Amino acid sequence: MAEVKLIGTLASPFVCRVIWALKIKGIPYEFIEEDLSNKSPLLLKYNPVHKKIPVLLHGEKPVCESMIIVEYIDETWQQNSLLPNDPYERALARFWVKFAEDKGVSVWRMFRAKGEELEKTMKETEEMLQTVEEHGLGEKKFFGGDNIGMADIAFGSVIYWLEVIEEIVGERVVFEAHKFPRLHAWIKNFKQVPIIQEHLPDWDWMVAFGKRRREAVLASA
Amino acid sequence: MADEVTLLDFWASPFGIRVRVALAEKGVKYEYSEQDLRNKSALLLQMNPVYKKIPTLIHNGRSVCESLIIVQYVDGAWKDKAPLLPSDPYQRAQSLFWGDFIDKKVFEYSKKIWTTKGEDMEAAKKDFIECLKLLEGELGDKPYFGGENLGYVDVAFVPFYCWFYAFETCGNFSIEAECPKIIAWAKRCMLKESVSKSLQDPKKVYEFVLELRKRFGVD
């Protein structure tokens, strides 16, 4: 079997998604840590279009964009399927993956914002959570049903990072349990899935690292 | 039971055109339902409560939303004809990558060409052309992005061809002069009925863009 390598950084929610998928499938891989302030020739060679992490290398073949990588992993290694077989159910899962991608940006923006801009991104995040609470899960334990699927992976990183970022930013909490009971139950269940639990970046490390990064970002703004 | 397929759409939308091309490639009979985007119908709001946007496909009472997700759905639901995505996982990932690229970069820059002026517009033009050059590289010597036949990336990109005249006129440039391979590819696609019957008249699209510019206060 061709070697699998993952180019990324440990603090990235996008890289995390790929790690979860690889671990769920039981695929051994080599992790290549990237310095984003000084991008390597390897990264620039294998992701010339976006120059971003994560990049999966399967043999010499690169796959870019976290959820496209997750789908590639799901199709290449078919144990522990992350997408249903039925075309309609697949379309629903893809819809929520795309929603996480499109609307999850408000969470990343919160990290870099202060004052009015921060309040704006917090409101956008609230709206995003509201939509998922109302339309996304229904009565299911996970987006994928009884087991986690692609949409859980996509959102898992958004919501876990939201919790970390709220801790770092230290303003009013957007993701309140009484406002979003379904989502709170879902993220609790998600974090308790053994593979996920084993591969969630350490909370204290993330908060400490994140606080330093946020200070640097706000200072240079 | 016969399939009941309805497409909630807007005539000029390149995203809607993607779905029309995909359905035509598959030979699917469907009801086209033109939507008034300034006065959204109860059906649209019911079938796409999250985004309230077109295109929205309704297949036997169940809705599928987001154009490229609809294209993938159509490809999976009507497997027997005209496969749009490759069966090999690596080739599929490449197709999905370029579809995503067209949505994230090509569409965003093209929109700036007709919604901004001056320096912003010039920057958008430059970025747009750079994107098209990357797509030319991806096309290479193949007749279509999908190889010998239309594929997912062709379906994702070709609807923008009927908007090129509007981009060129608003931006005062020639796409053919910068990216002749793209124009050659588009003309090749237009020889297919699924494409020629789905794309709109570029002059009509341009008139519509002028209306939008007035509405948004660009002119």
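Definitions and cut-offs
As a convention, each chain's residues are numbered from 1 in the sequence order in which they are written. Chain labels run from A onward and ligand labels from 1 onward, assigned in the order the entries are written. With pLDDT at 70 or above as the cut-off, local features in this predicted model cover only qualifying residues; side-chain atom pairs require 80 or more to be listed or tallied, and sums for whole chains, interfaces and linings still use all residues. To obtain the side-chain values, all non-hydrogen atoms of the structure were used and water was disregarded. UniProt positions are given in the numbering used here, feature names are shortened, and annotations may be inferred rather than shown by experiment. We call two residues contacting when some pair of their heavy atoms lies within 4.5 Å. Two parts placed together each lose some accessible area under a 1.4 Å probe, and the buried area is that loss summed for both. The salt bridge definition used is simple: a Lys or Arg side-chain nitrogen within 4 Å of an Asp or Glu carboxyl oxygen. Whenever two N or O atoms come within 3.5 Å, that pair is a polar contact, provided that in protein one can donate a hydrogen and the other can accept it, and provided that, for residues adjacent in sequence, both atoms are side-chain atoms. By the criteria applied, helices consist of DSSP H or I runs no shorter than four residues and strands consist of E runs no shorter than two, each listed in order from the N terminus. Classes in brief: Ala, Val, Leu, Ile, Met, Phe, Trp, Tyr, Cys and Pro nonpolar; Asp, Glu, Lys and Arg charged; the others, Gly included, polar. Buriedness of a pocket was judged along seven lines, with at least five required to meet protein on both sides within 12 Å; pockets are open sets of points on a 1 Å grid over the protein atoms alone, cavities are sets where a 1.4 Å probe fits but cannot get out, and lining residues have an atom within 4 Å of a point. Grid points are joined across faces, edges and corners, and a volume is the space filled by probe spheres set on the points. Partly exposed describes any residue whose relative accessible area lies between the buried limit of under 20% and the exposed limit of over 50%, with all areas from a 1.4 Å probe on protein chains only and scaled to the type maximum. For this analysis, a ring pair means two rings from Phe, Tyr or Trp (six-membered ring only for Trp) whose centres lie within 6.5 Å, classed as stacked if their planes differ by under 30 degrees, edge-to-face if by over 60, and tilted for the remaining angles. What goes into a patch is any residue over 30% in relative accessible area without a salt bridge, connected to like charges within 9 Å or, for nonpolar side chains (Val, Leu, Ile, Met, Phe, Trp, Tyr), within 5 Å. Exposure was quantified through the Shrake-Rupley algorithm and a 1.4 Å probe, taking into account, for residues, occlusion by the shown protein chains and nothing else. Charge counting follows a simple rule: Lys and Arg are positive, Asp and Glu are negative, and His as well as the terminal groups are ignored. Lys charges are placed at NZ, Arg charges at CZ, Asp charges at CG and Glu charges at CD.

- Within an unreviewed UniProt entry, the label attached to chain B reads glutathione transferase, and the organism entered is Dovyalis caffra.
- According to its UniProt record, chain B has this under Sequence similarities (unreviewed entry): "Belongs to the GST superfamily."
- As its UniProt record puts it under Catalytic activity (unreviewed entry), chain B is described as follows: "RX + glutathione = an S-substituted glutathione + a halide anion + H(+)".

- Under an unreviewed UniProt entry, the name given to chain A is glutathione transferase, and the organism recorded is Dovyalis caffra.
- Its UniProt record, at the heading Catalytic activity (unreviewed entry), says of chain A: "RX + glutathione = an S-substituted glutathione + a halide anion + H(+)".
- UniProt, in its Sequence similarities (unreviewed entry) section for chain A, records the words "Belongs to the GST superfamily. Tau family."

## A few points about the interface of chain B and chain A
- Taken together, the contacts link 26 residues of chain B with 26 residues of chain A.
- For the pairing of chain B and chain A, the buried interface totals around 2,300 Å² over both sides, and the portion due to carbon and sulfur atoms is 70%.
- At the junction of chain B with chain A, the criterion picks out three salt bridges.
- Across the pair Lys104(B) and Glu65(A) runs a salt bridge, and its minimum N-O distance is 2.8 Å.
- Summed over the shared surface of chain B and chain A, the number is seven residue pairs in polar contact (both at pLDDT 80 or more).
- Of all elements in the fold, only strand E4 (62-65), helix H3 (67-77) and helix H4 (89-115) of chain B reach the threshold of two or more residues within the side of chain B that touches chain A.
- Of the residues forming the side of chain B that touches chain A, the biggest block, twelve residues, is contributed by H4(B).
- A per-class count over the side of chain B that touches chain A returns 16 nonpolar, four polar and six charged.

## Concerning empty space enclosed by the protein
- Applying the stated criterion across every chain yields a total of one cavity of 30 Å³ or more.
- Reported here for the largest cavity is a volume of approximately 30 Å³.
- Lining the largest cavity are Ile68(A), Glu71(A), Tyr72(A), Glu75(A), Pro89(B), Arg92(B), Ala93(B) and Leu96(B).
- At the level of elements, helix H3 (66-76) of chain A together with H4 of chain B are the ones that each hand at least two residues to the lining of the largest cavity.
- Taken together, the residues of the lining of the largest cavity sort by class into five nonpolar, no polar and three charged.

## Points about unusual backbone geometry
Residue and element names in this part refer to chain A.
- Cis peptide bonds are those with omega within 30 degrees of zero, and the linkage from isoleucine 53 to proline 54 qualifies with 5 degrees.
- Within the secondary structure layout, proline 54 lies in the loop between helix H2 (41-46) and strand E3 (55-58).
- Phi at asparagine 80 is positive, roughly 50 degrees, even though this residue is not glycine.
- If you trace the backbone, asparagine 80 turns up in the loop between H3 and helix H4 (87-103).
- For asparagine 80, a relative accessible area of 47% puts it in the partly exposed group.

## Describing the packing of aromatic side chains
- According to the stated counting rule, one finds 39 aromatic pairs over all chains in the structure shown.
- Where Trp20(A) meets Phe190(A), the ring centres are 5.2 Å apart and the plane angle is 75 degrees; that geometry is what we call edge-to-face. Residue Trp20(A) is located in helix H1 (residues 13-25), and its partner Phe190(A) is located in helix H8 (residues 181-192); the two are separated by 170 residues in the primary sequence. Phe190(A) carries the same exposure label as Trp20(A), and that label is buried.
- Relative to Phe208(B), the ring of Trp11(B) lies with its centre 5.5 Å away and its plane at 65 degrees, an arrangement referred to as edge-to-face. Of the two residues, Trp11(B) is situated in the loop between strand E1 (5-9) and helix H1 (14-26) and Phe208(B) in helix H11 (residues 202-216); the sequence distance between them amounts to 197 residues.

## With respect to the UniProt feature "domain: GST N-terminal" (unreviewed entry) in chain B
- Residues annotated by UniProt as "domain: GST N-terminal" (unreviewed entry) correspond here to residues 3-82 of chain B.
- Annotation note: span residues 3-82 of chain B, helix share 38%, strand share 21%, distance between end C-alpha atoms 18 Å.

## With respect to a positive patch on the surface
- A cluster of basic residues, Lys103(A), Lys40(B), Lys52(B), Lys53(B) and Lys111(B), forms a positive patch at the surface.
- For Lys52(B), the location among the structural elements is in the loop between helix H2 (42-47) and strand E3 (56-59).
- Look at Lys52(B) and you get partly exposed, because its relative accessible area is 38%.

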